[in-house]
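Chain by chain, the residues run as shown.
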Amino acid sequence: MGGGGRGGRSRTQRKHFRQSRENVWKRSKPDHDPSSTENPSWTPFATQNDAFDFYYKEQGIVHPQQWEQFVAVLRTPLPATFRINSSSQFSDDIRSQLEDDFMHSLRNEVVEGGETEAIRPLLWYPGNFAWHSNFSRMQLRKNQTLERFHEFLKLENEIGNITRQEAVSMVPPLFLDVHSNHFVLDMCAAPGSKTFQLLEIIHESTKAGSLPDGMVIANDVDVQRCNLLIHQTKRMCTANLIVTNHEAQHFPGCRLNRNYERTELDHSIGQLLFDRVLCDVPCSGDGTLRKAPDMWRKWNTGMGQGLHSLQVLIAMRGLSLLKNGGRMVYSTCSMNPIENEAVVAEVLRRCGGSVELLDVSSELPQLIRRPGLKKWKVYDKGTWLVSYKDVPKFRRSVILPSMFPSGRGHQDLVDSSCNVDVDDITNVNGNAGDGILAVENPAMSESSVEVSDFPLEHCMRIVPHDQNTGAFFIAVLQKVSPLPAISDKTKIEIDEKCVEPTNHSLNDAQVPEINSPESTHEEVLKSVSEENVDDNEPNTEDLEVSPVTCDEQNSKETQEPNNVPNMAKRVPGKRKLQIQGKWRGVDPVVFFKDEAIINSIRDFYGINEHFPFNGHLVTRNSDVNHVKRIYYISKSVKDVLELNFKVGQQLKITSIGLKMFERQTAREGNSAPCAFRISSEGLPLILPYITKQILHASPADFKHLLQNKDVKFEDFIDAEFGEKAANLMPGCCVVIMSKGNSVATESLQVDESTIAIGCWKGRARLSVMVTAMDCQELLERLLIRFDTKNGSSGHVAAEVQPVQELNSKNDHDDGDVKASVN
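What counts, and where the lines are drawn
Residues numbered from 1 in each chain as written. Predicted model: local features only at pLDDT ≥ 70, side-chain atom pairs only at ≥ 80, totals over all residues. Heavy atoms only, no water. Salt bridge = Lys/Arg side-chain N within 4 Å of Asp/Glu carboxyl O. Buried < 20%, exposed > 50% of the residue type's maximum accessible area, 1.4 Å probe, protein only. Core = buried A, V, L, I, M, F, W, Y, C linked by side-chain atoms within 4.5 Å. Helix = DSSP H or I, 4+ residues; strand = E, 2+ residues; numbered from the N terminus. Contact = heavy atoms within 4.5 Å. Axes fitted to C-alpha atoms, helices over the stretch in contact; angles between N-to-C directions. Parallel < 35°, antiparallel > 145°, perpendicular 65-115°, else oblique. Left-handed = near helix turned anticlockwise from the far one by under 90°. Nonpolar A, V, L, I, M, F, W, Y, C, P; charged D, E, K, R; others polar. Lys, Arg positive; Asp, Glu negative; His and termini not counted. Polar contact = N/O pair within 3.5 Å; in protein donor to acceptor, adjacent residues only side chain to side chain. UniProt positions renumbered as here; feature names shortened; annotations may be inferred. Arc of directions from axis to C-beta. Pairing = 2+ DSSP bridges. Disulfide = S-S within 2.5 Å. Phe/Tyr/Trp six-rings, centres within 6.5 Å; stacked < 30°, edge-to-face > 60°.

Engineer: Let's hear about the pattern of salt bridges: which residues, and what values?
Structural biologist: Enumeration over the complete set of coordinates arrives at 30 salt bridges. Of the charged contacts, one joins Arg225 and Asp220 as a salt bridge, the two residues approaching to 3.5 Å between their closest N and O atoms. The buried category is assigned to Arg225, whose relative accessible area is 7%. Residue Asp220 is classed as buried on the basis of its relative accessible area of 5%. Among the ionic pairs, Lys298 bridges to Asp294, the shortest N-O distance being 3.7 Å. Neither Lys298 nor Asp294 differs from the other in exposure class; each is buried. Connected via shared salt-bridge partners are Arg629, Lys659, Glu662, Arg677 and Glu681.

Next comes the structure, spelled out in structure tokens:
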């Protein structure tokens with residue numbers, strides 16, 4: 001229950017998010033000219049690029065005899081895959097529904113790609129929690145027989161019980177070997193599918209009412225992509241997550257000054273170090289050609305070179321933040337050795353013997369993978385280069401020694417100081433992207449090609465035609481000792497100078513947007529910008545500022561106080577506006593210490609003293625008199641937050657913790673003894689500690705409440721239940737479904753299977769306080785359980801219809817839907 005339990009997630013996948021993820025193979029038809037005598041035609045994306053064939057044939061990423069099979073699969077649409085949230089309360093039910101229902105009911109449907117099964121579990125993924133669907137998106141939308149399966153996927157994805165994710169994107173977190181007590185850093189986390197996966201693993205063995213000792217920091221450089229990251233991970237309902245907005249290569253280490261005085265009782269952490277680091281770096285993304293076929297026309301041979309230096313810097317920063325004995329996974333959705341093996345080799349070279357490349361061939365044995373390359377060449381301005389000594393001096397700021405297998409020639413790079421004429425930079429790719437094949441350098445021979453001294457065969461390459469997936473690269477690194485003092489300022493400055501011109505050349509070469517395996521950058525920016533249009537409407541009730549989208553509101557210079565709490569800015573004729581924190585455009589994170597409010601919450605709900613409150617509550621508003629939401633953080637997140645304050649708030653935090661309490665702003669809320677209600681997200685965590693404002697409903701009354709969302713006390717099937725509801729104090733209450741057919745009279749025993757929802761007790765009725773979407777999904781889950789016990793098929797679409805009809809008229813009761821993405 002702790003990490004992925006029930007609860008209404010505010011603003012889950014909305015229409016414009018779904019539209020942005022439409023299969024890009026579906027291309028809009030051009031407008032037909034009525035005067036034309038030709039028949040209107042639909043032109044598919046071109047899936048041919050001579051430069052692509054020329055480059056990768058020469059690099060030998062697959063055997064020549066397999067080339068035709070490789071490109072044939074690469075030109076077909078990518079099958080849909082999804083993953084069940086293993087920490088969800090209903091994960092086993094969903095898996096059983098796929099195995100016992102959909103696998104059989106869809107067996108006779110038409111499938112594509114030579115697959116023998118319509119849907120099947122990915123055998124290499126533990127526990128049958130990842131699934132491959134061989135239907136195209138078009139088939140799912142148009143085929144009436146598939147309608148129920150399609151609706152199932154949409155609903156469960158929006159609730160957070162499943163995550164639509166490319167199969168190869170699920171692989172890197174599995175090789176991290178994450179444990180529940182680990183501190184994990186996801187350096188380039190957006191759009192968030194891998195972060196969600198890491199959180200699942202951390203919460204996997206958590207008992208009801210408890211939190212794991214570990215935590216995840218999910219970082220992304222793009223503030224808009226952070227919005228999507230927050231949106232994705234919000235479905236997880238976790239108190240063990242911090243979302244930050246930094247350049248990955250400069251992620252702060254939050255190290256305490258040596259002069260900082262500690263007390264004898266101070267056992268807090270003194271530096272931000274991680275047990276595991278996921279380094280899924282920005283890349284050219286040509287491994288996603290099946291998902292983004294428009295990349296075929298954009299691809300050119302210079303794409304991999306422009307990001308190489310940045311990738312090395314990010315990987316080195318990740319290793320510097322890794323604890324001794326910790327593990328880092330470096331991954332890309334690119335097939336280019338310049339972005340893959342060359343980066344890994346350079347990292348090993350810089351780290352000496354302090355970092356090892358692990359052989360993980362025995363892990364996930366059913367995942368077909370190929371060894372990394374030990375030799376490759378660099379292509380520049382129409383010429384194949386086999387060694388750095390072949391690089392003309394004026395090109396040495398673009399073609400770096402680290403791009404070659406041996407990595408020799410580093411001193412030449414220092415001597416050149418990265419000085420190069422601007423005209424040379426802008427023409428970095430020459431004719432590489434124009435489809436004109438170059439003549440091979442006559443001085444080059446197979447025997448002269450460099451071979452790396454590192455065991456790069458331990459790297460993993462996943463190619464599309466092995467298991468009907470996208471392409472991916474993965475390397476697993478382990479830090480065995482502190483890094484040598486080689487990352488001096490001179491070398492870092494040189495590398496960073498080289499990043500800028502190569503990125504500039506990328507723009508001139510019309511390189512497509514940086515890709516992550518789950519979603520193209522273009523899709524993410526489009527969807528998030530549309531999301532912000534709706535989310536940034538002024539809220540006249542509380543004047544709270546969105547944590548990551550308030551740049552316009554804070555465009556003027558403001559103070560950057562070191563001590564954020566208890567500071568406010570007076571605005572004549574208006575309520576107090578909160579002072580922002582150190583980071584302009586981001587709301588401050590403030591420890592919530594208002595004893596009056598905390599005690600009123602504790603007394604009203606009868607919260608057990610064993611539930612840790614002190615130091616675990618935070619808010620994003622420094623004006624404690626107008627706090628609308630109170631978030632709960634785990635001990636691990638609390639430790640990191642306290643460290644962040646001690647080092648001057650180096651972390652730019654855009655989201656933190658789990659929304660636990662929310663001020664009830666409705667008219668009836670003003671008369672309630674407690675102004676704060678328990679949020680749906682926080683209910684699973686705090687439920688075992690509540691002793692007041694609890695009702696036990698029979699399954700029949702629980703179902704009745706879900707279907708109608710607003711029920712008068714006298715209308716409940718069980719009159720005794722209605723009477724108990726009427727006798728509660730006005731305000732928020734919790735309704736628990738009894739496991740038998742009668743109302744429980746014994747003391748509350750909460751476990752992972754307990755089903756509960758938050759409600760509002762009014763003068764004459766009980767109102768459900770979860771989203772209509774959550775009501776629908778929970779009702780379906782219960783109906784399937786009941787129908788399974790009665791021996792029926794589990795088809796419940798007809799019975800769920802009343803919930804869908806009630807969605808519109810009950811929106812005013814749906815408090816969680818109105819919550820901001822905060």
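Engineer: Describe the nonpolar core, listing the residues and the values that go with them.
Structural biologist: Burial of nonpolar side chains together is a common tendency in soluble globular proteins. Formed by 87 residues in total, the largest nonpolar core has its most connected members in Phe52 and Val344. Per-element tally for this core: the top contributor is helix α13 (residues 341-351), with seven residues. Every residue in contact with Phe52, bar those within four places of it in the chain, is listed here: Trp67, Phe70, Leu74, Leu289, Trp296, Trp299 and Met335. Counting 59 residues, the second largest nonpolar core, distinct from the first, contains Val168, Ile201, Ile230 and Ile474.

Engineer: Tell me what's going on with the packing of helix α4 (residues 91-105) against helix α6 (residues 147-159), and back it up with residues and numbers.
Structural biologist: Running from N to C, α4 and α6 point in directions that differ by 160°, and their axes come no closer than 12 Å. Considering the angle they form, α4 stands roughly antiparallel to α6. Considering how the two elements wind past one another, α4 and α6 form a crossing that is left-handed. Packed against α4, whose contacting residues are Ile94, Gln97, Leu98, Asp101, Phe102 and Ser105, the element α6 presents Arg148, Phe149, Phe152 and Glu156 at the interface. The residue inventory of the contact of α4 with α6, partitioned by class, reads five nonpolar, two polar and three charged.

Engineer: Tell me about the side chain of Arg369, and please be specific about residues and values.
Structural biologist: Examined against the element boundaries, Arg369 turns out to sit in the loop between β10 (355-357) and β11 (370-371). In this structure Arg369 is buried but unpaired, with Asp359 as the nearest side chain of opposite charge at 6.7 Å. Here the side chain of Arg369 touches Val360 through a polar contact of 3.4 Å, landing on its backbone oxygen. At 2.7 Å, the side chain of Arg369 and the backbone oxygen of Glu363 are in polar contact. With residues up to four places along the chain from it excluded, the contact list for Arg369 reads Phe175, Val360, Ser361, Glu363, Leu364, Met460, Arg461 and Ile462.

Engineer: Help me get a handle on the UniProt feature "binding site: S-adenosyl-L-methionine" (unreviewed entry) in the protein chain, residues and values and all.
Structural biologist: Taking the numbering used here, the UniProt-annotated feature "binding site: S-adenosyl-L-methionine" (unreviewed entry) corresponds to Cys188, Ala189, Ala190, Pro191, Gly192, Ser193, Lys194, Asp220 and Asp280. Across 93 residues in sequence, these annotated residues keep their C-alpha atoms within 13.1 Å of one another, forming a single compact spot. Its place among the elements puts Asp220 in the loop between β6 (215-219) and α9 (223-234). Setting aside residues no more than four positions away along its own chain, Asp220 makes contact with Met187, Cys188, Ala189, Ala190, Arg225, Cys226, Thr244, Asn245 and His246. We classify Asp280 as buried; its relative accessible area is 6%. Polar side-chain contacts of Asp280 include one of 3.1 Å to the side chain of Lys194.

Engineer: Before we move on, could you go through helix α3 (residues 67-74) and cite the residues and values that matter?
Structural biologist: The complete set of buried residues in α3 reads Trp67, Phe70, Val71, Val73 and Leu74. An end-on view of α3 places all buried positions within 160° of arc, on one side of the element. Looking at the packing, one finds that the buried side of α3 touches α2 (50-59), α10 (295-298) and α16 (464-467).

Engineer: Report on the sheet that holds strand β27 (residues 756-761), specifying residues and quantitative values.
Structural biologist: Taken in spatial order, the five strands of this open sheet run β24-β26-β27-β28-β25, and their pairing is mixed. The outermost strands of the open sheet, each flanked by one partner alone, are β24 (694-697) and β25 (710-712). Direction aside, the axes of adjacent strands within the sheet are offset by 30° on average. Relative to β27, strand β26 (residues 731-737) is paired through six bridges, and the arrangement is antiparallel. Looking at the pairing, Val735 lines up with Ile757 of β27. Along the sheet face, helix α23 (residues 719-726) touches β24, β26, β27 and β28 (765-768) and points at about 170° away from the line of β24.

Engineer: Which residues make up the environment of Ala118, and what values go with them?
Structural biologist: The residue Ala118 is located in the loop between α4 and β2 (119-121) in this model. Counting along the chain gives 14 residues from Ala118 to His132, while the straight-line C-alpha distance between them is 8.5 Å.

Engineer: Now, about the pairing of β24: what can you tell me, with residues and values included?
Structural biologist: Each regular strand displays side chains that alternate between the two surfaces of the sheet. Side-chain alternation along β24 places Ile694 and His696 on one buried face and Leu695 and Ala697 on a second face that is also buried. Bridge count between β24 and β26: four bridges; the pairing is parallel. Looking at β26, one finds that His696 is bridged to Ile736.

Engineer: With reference to specific residues and values, describe the state of the cysteines.
Structural biologist: Scanning the entire structure with this criterion turns up zero disulfides. Just so you know, Cys759 is unpaired, no disulfide at all, and the nearest cysteine sulfur is the one on Cys733, 5.2 Å from it.

Engineer: Before we move on, could you go through the environment of Leu123 and cite the residues and values that matter?
Structural biologist: In this structure, Leu123 sits in the loop between β2 and β3 (130-133). Owing to a relative accessible area of 56%, Leu123 belongs among the exposed residues under this scheme. Put simply, Leu123 and Gln366 are 243 residues apart on the chain and 6.5 Å apart in space, counted from C-alpha to C-alpha.

Engineer: Would you mind going over the packing of helix α8 (residues 193-203) against α9 in detail, with residue names and values included?
Structural biologist: At their nearest, the axes of α8 and α9 sit 9 Å apart, and the two run at 35° to each other. The two elements α8 and α9 cross, and the hand of that crossing is right-handed. In this structure, α8 uses Ser193, Thr195, Phe196 and Leu199 to contact α9, whose residues at the interface are Leu229, Gln232 and Thr233. Considered class by class, the residues forming the contact of α8 with α9 number three nonpolar, four polar and no charged.

Engineer: Mind laying out the packing of aromatic side chains, listing which residues take part and the relevant values?
Structural biologist: Within a pair of aromatic rings, the relevant descriptors are the distance that separates the centres and the angle that separates the planes. Applying the stated criterion across every chain, the model contains 26 aromatic pairs. Centre to centre, the rings of Tyr56 and Trp299 are 5.6 Å apart; their planes meet at 50°, and the pair counts as tilted. Placement of the pair is Tyr56 in helix α2 and Trp299 in the loop between α10 and α11 (303-306), with a sequence separation of 243 residues. The pair Tyr56 / Trp299 is uniform in exposure class, with both members buried. The interplanar angle of 45° and the centroid separation of 5.0 Å between the aromatic rings of Phe102 and Phe152 together place this pair among those described as tilted. Of the two residues, Phe102 is situated in helix α4 and Phe152 in helix α6; the sequence distance between them amounts to 50 residues. Judged by its relative accessible area of 2%, Phe102 falls in the buried class. Under the relative-accessibility criterion, Phe152 is labelled buried at 7%.

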